[in-house]
Amino acid sequence: MIINGPGISYTEPDIGSEFVPELPENPRPSIVALCKHCTNRLLGKDELLPYEYWSFAEAATDEQADMLVKLKMRQPYTLEAAVKATGIPAEKLEPMLDEVSYVGLLEYNWENPQHEKQWVLPMLVPGSAEFLNMRWSQLEEHPVFAKFFEQASKGPLSRATPLVPPGGAGIGMHVIPVERAIEHENQSISIEHIKHWLDKYDGKYAASACSCRMSRQRMGEGCGDDFNDWCIAVGDMADYVVETNRGHYITREEALDIFQRAEDNGFVHQITNIDGENKIFAICNCNVNVCYALRTSQLFNTPNLSRSAYVAHTDPANCVACGRCVEVCPAGAVKLGQKLCQKSTGEVPEYPRQELPDAVKWGPEKWSPNYRNKNRIETYDTGTAPCKTACPAHVAVQGYLKLAAQGRFTEALALIKRENPLPAVCGRICNRRCEDACTRGRVDEAIAIDEVKKFIAQLDLDAETRYIPPQVRPKVEGDFEEKIAIIGAGPAGLTCAFYLAEKGYKPVVFEKGERPGGMLTYGIPAYKLPKDVVQAEVDVIEAMGAEFRYGVEVGRDVTLAELREQGFKAFYVAIGCQGGRLAGVPGEDAEGVTVAVDFLREVATEQLARGAASAVSGKVVVVGGGNVAIDVARTAARLGAESVEMLCLESRDIMPASSEEVAEAEADGVRLSCGWGPKEVLAQDGHVTGIVFKRCTRVFDEDGRFAPEYDEDDTIELSCDQVVMSIGQSIVWGDLLEGSAVELGRGAGAVADPKTYQTAEPDIFVGGDVYTGPKFAIDAIAAGHEAAVSIHRFVRGGTLTIGRNQRSYVALDRDDVDFGSYDTTARQEPAIDHDREKAEPFGEYVRTFTADQVMAETARCLGCGASVVDPNKCIGCGLCTTKCDFDAIHLFREKPECSTMVKYEKKVPSLLKYAAKRQVKIMFGGKGK
């Protein structure tokens, strides 16, 4: 069966086909014979495939090929036996055997009573196709080897996959669970434990490069992992990989450390499964985004090809839908759903299961060629907890509320920082979309989510208690050396720095201001967000390994070209919207007219420099109706302005500022008038004396676009000494992009891919307000996290898109929920320290929740989300159990037959026996359950 020939993709994209020339008109007979001899596919052995031909042609001379075809596959030969089989004298044959072993066409061991060296002609996979890919220099010189491995690990299985019984029938690799997930499982058997294999091959371990990671990277589909040392050869194979320059010896402790690093990264442990009972030659740590062994089950939707004897199940009573298990599951077997019953059915939704090939006809129409992306879909169509869904960063709200309820505050902070490295900031200034979406809001009032977050994040304000996440590097040894520049220390830049540092980079953040934070520091008044809160969050990022260079404007003090010369491999531009906008009305060039960002920046700069800002005298008029306008008006009032008037186009019910912010401004003495737009600024001797407004009759057109209309004859005139325009922000690029291919679009924002944030200049990525226009801090945080993913993959030479977390969440239908019983306590409110507010107008006067308030508030959570496992997709790796902080997901040994290890040579009887049973089920209409 050839699908999508001639490059042969088997429904997947035909990557690496450019490395495979067409077959020559006169192929080398010796190489043709070697191809036929070594091919281990069940069908089509006589078909000469270009990638096989050219790989053997580049790996072997005709003389070596003629020698190899005289050796039977997988039969060990001592030198004496090899001489007899080939007819080549020992003194000539031995160096030939060693040379092809070094290349990878042969392996060797000492598995005989005399412990005499013996050579083995391996199958293609696992075997020679894999060995050809275990040395990067060899792959660079012969990229066709990468295509050879990619196809040899797939094509031969295209027809056989649905016939494979549990246990794999001696084909491919076999998932072995995380040790601690089954260490107390009484029914487990020895071969299901990593420690069993370490004991069996005690003292004979070698760490070698991962051939799958190298192959994919050579073909442009790397996932960002460093490929070195992830595969652990055991026994004689350890000697082989060391002696052929494919790896190095390690101790048992070093092996255990590698396994732990693998689990931290979400890599699957797999053992070789072709040598029968109780014999392996390697334990691999596999990333499903590149792994060819895991692909055998995921591409063909045939989990028997890799699954362990275990199946994961969740306990809904304990599960809090934090999503950690979902993010790590390589098979897409776990997704987020709900635990509350639906009103319409009286039950929790019934979730679909993957169809299996055990009782139905199976072909390409059943395959999943896009499995690397499909397995990363987080949510069932019926939805999950709306709080996590609504948050742009998709913070595990339900999870950290539960941890806080249990008094596990440090763990709660760690969970928040999985998606948001600035929780102390967001606890004070977030626009709380999670609360807007909260299911509890359908009962009475939403959970005070941000107030709980603020309480948890207080730990970060004290150097003794702050949480500094450990590095989780997809690399065994050392940090990543690639230099990355982040331009702008606002929320997007800080977030990108945080997640790059967590991955093992040492990013350098260039900030033109003297302090970090961007608008967090220079645009948000200190009574809402104290400057030391921002600095505390930055101190954590600095402790993780990020470097900050202040007072440096890229484009003025140093150029992108100069930074490239210094070795920087990628740039994240997150400079925000630093400029304001004027209204375009007569007289606005008068002295005393300014824009909001400049007004707030000047106040903040003075406060940072000398602890207080200059008083504002006279009458102030603020033009605009957003939260920034509110900040300006309240700041002016608190700095002593005689009066502060705020006028906006919108009516009160549709003005951008939140009702809470408006109420606070009015409490500060700000007078708000809605439905007015500026017509003219009045001035005398060059200084503002007043401003004329005209009645706004319409703000948006029929299509919802901003298109204000006015009654030019209906006007009001206000006398004032200062006018602050807060009607929009602009991007101030300066010379930053000089000579760059970055394109600018609407509002002078950078044009970039909406998922990866990569611009037309491949090494430049953008994010935050400079890409989206003015938005909220949490939006910039979400963008910074995604940019870190892209930049990591870019500098490592990988694909920016394949296998990414999809971040596509669906909220459950809150109108179709049976709430059941729930805590009837009213929503907690933070205390307001009015005395401090009067004494220190720019001191933080909104108090943090007490511990008792946190306990009362978290008890109000309805706990509406839960993870749900599809047992048909689960491969029993146990990674989900390592990520759960709630004892909500465990492995159960439900498929003991999957631990049956069959020798490769006995695969056909195993396949036929299972195929017969399967055919009976198909004939009688059985269904895959």
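In the block above lies the structure referred to throughout.
Along each chain, numbering runs from 1 in the same order as the chain's sequence is written. This being a predicted model, a pLDDT of at least 70 is required before a residue's local features are given, and a value of 80 or more before pairs of side-chain atoms are given or counted; all residues contribute to the totals for chains, interfaces and linings. Each side-chain value is worked out from all heavy atoms of the structure, with water and hydrogens disregarded.

**A word on the nonpolar core**
Moving on, step 1. Of all hydrophobic cores here, the largest spans 136 residues; its most connected members are Phe56, Met67, Leu68 and Trp197.
Moving on, step 2. Contacts between residues were defined by any pair of non-hydrogen atoms, one from each residue, lying within 4.5 Å. Each residue touching Trp197, except ones within four places of it in the same chain, is listed here: Ile176, Ile191, Ile271, Asn278, Lys279, Ile280, Ile283 and Met901.
Moving on, step 3. Formed by 87 residues, the second largest nonpolar core is a distinct cluster that contains Cys496, Ala546, Phe765 and Ala777. The criterion is simple. A nonpolar core is a set of buried Ala, Val, Leu, Ile, Met, Phe, Trp, Tyr and Cys residues joined through side-chain atoms within 4.5 Å. For the exposure calls, accessible area comes from a 1.4 Å probe over protein chains only, and a residue counts as buried if that area is under 20% of its type's maximum, exposed if over 50%, partly exposed in between.

**Examining the sheet that holds strand S22 (residues 687-700)**
Moving on, step 1. When DSSP locates at least two bridges between a pair of strands, those strands are taken to pair. Helix and strand labels come from DSSP, where a helix needs a run of H or I of at least four residues and a strand needs a run of E of at least two; each type is numbered from the N terminus. With antiparallel pairing, 3 strands are arranged side by side in an open sheet as S21-S22-S23. Each of the sheet's edge strands pairs with one partner strand only, and the pair in question is strand S21 (676-684) and strand S23 (706-719). Taking the axes of each pair of neighbouring strands and ignoring which way they run, one obtains an average angle of 25° across the sheet.
Moving on, step 2. Two elements, S22 and S23, share 9 bridges in a ladder whose sense is antiparallel. Residue pairing in the sheet places Gly690 in a bridge with Ser719 of S23. Here an angle of 0 to 180 degrees is reported between the N-to-C directions of two axes, which are lines fitted to C-alpha atoms, with helices fitted over the stretch in contact.

**Some details on the packing of helix H6 (residues 124-131) against helix H8 (residues 144-152)**
The axes of two packed helices give the description: the angle between them and the distance between them.
Moving on, step 1. Interaxial distance between H6 and H8 falls to 9 Å at its minimum, and their mutual angle equals 170°. The angle between the axes of H6 and H8 places the two elements in the roughly antiparallel class. For the pair H6 and H8, the contacting residues are Leu124, Val125, Ala129 and Glu130 in the first and Phe148, Phe149 and Ala152 in the second.
Moving on, step 2. Among the residues forming the contact of H6 with H8, the class breakdown is 6 nonpolar, no polar and 1 charged. Any angle between 65 and 115 degrees counts as roughly perpendicular, while under 35 counts as roughly parallel, over 145 as roughly antiparallel, and the rest as oblique. Gly falls in the polar group here, along with every residue not listed as nonpolar (Ala, Val, Leu, Ile, Met, Phe, Trp, Tyr, Cys, Pro) or charged (Asp, Glu, Lys, Arg).

**Observations regarding the layout of surface pockets**
Moving on, step 1. The method works on a 1 Å grid over the protein atoms by themselves. A cavity is a set of points holding a 1.4 Å probe that cannot get out, a pocket is an open set with protein on both sides within 12 Å along at least five of seven lines, and residues with an atom within 4 Å of a point line them. Grid points are joined across faces, edges and corners, and a volume is the space filled by probe spheres set on the points. Roughly 530 Å³ of volume is contained in the second largest pocket.
Moving on, step 2. Glu107, Asn109, Glu111, Asp275 and Lys279 are the residues nearest the centre of the second largest pocket, which is lined by 25 residues in total.
Moving on, step 3. Those elements giving two or more residues to the lining of the second largest pocket turn out to be strand S2 (107-109), strand S3 (118-120) and helix H12 (236-243).
Moving on, step 4. The element contributing the most residues to the lining of the second largest pocket is S2, with 3 residues.
Moving on, step 5. Looking at side-chain class alone, the lining of the second largest pocket contains 12 nonpolar, 3 polar and 10 charged residues.

**Focus on the environment of Pro421**
Moving on, step 1. Looking at the secondary structure, you find Pro421 in the loop between helix H19 (409-416) and helix H20 (423-429).
Moving on, step 2. Relative accessible area serves as the criterion here: at 1%, Pro421 is assigned to the buried category.
Moving on, step 3. The spacing of Pro421 and Glu537 is 116 residues in sequence and 7.5 Å in space, taken between C-alpha atoms.
Moving on, step 4. Every residue in contact with Pro421, bar those within four places of it in the chain, is listed here: Thr495, Phe498, Tyr499, Glu537 and Ile781.

**Brief notes about the sheet that holds strand S12 (residues 483-487)**
Moving on, step 1. As summarised here, the arrangement of the 5 strands in space is S14-S13-S12-S15-S26, forming an open sheet in which the pairing is parallel. Each having just a single partner strand, strand S14 (547-550) and strand S26 (764-766) make up the two edges of the open sheet. The average angle at which neighbouring strand axes cross in this sheet is 20°, direction not considered.
Moving on, step 2. Note: strand S15 (residues 568-573) against S26, 3 bridges, orientation parallel. If you follow Phe571 over to S26, its bridge partner there is Ile764.

**Brief notes about unusual backbone geometry**
Moving on, step 1. Here the amide bond leading from Val125 into Pro126 is cis, since omega sits at -10°, within 30 degrees of zero.
Moving on, step 2. Assignment of secondary structure puts Pro126 in helix H6.
Moving on, step 3. Its identity is not glycine, yet Arg432 carries a phi of approximately 60°, on the positive side.
Moving on, step 4. Structurally, Arg432 can be placed in the loop between H20 and helix H21 (433-437).
Moving on, step 5. Classification of Arg432 as buried rests on a relative accessible area of 15%.

**What to know about empty space enclosed by the protein**
Moving on, step 1. For the structure shown, the criterion picks out 12 cavities of 30 Å³ or more.
Moving on, step 2. For the largest cavity, the calculated volume is near 940 Å³.
Moving on, step 3. The wall of the largest cavity is formed by 32 residues, among which Asn265, Glu327, Arg418, Lys503 and Val789 lie closest to the centre.
Moving on, step 4. For the lining of the largest cavity, the secondary-structure elements that each account for two or more residues are helix H13 (252-265), helix H15 (324-328), helix H23 (491-502) and helix H31 (777-795).
Moving on, step 5. By residue number, the principal contributor to the lining of the largest cavity is H31, which donates 6 residues.

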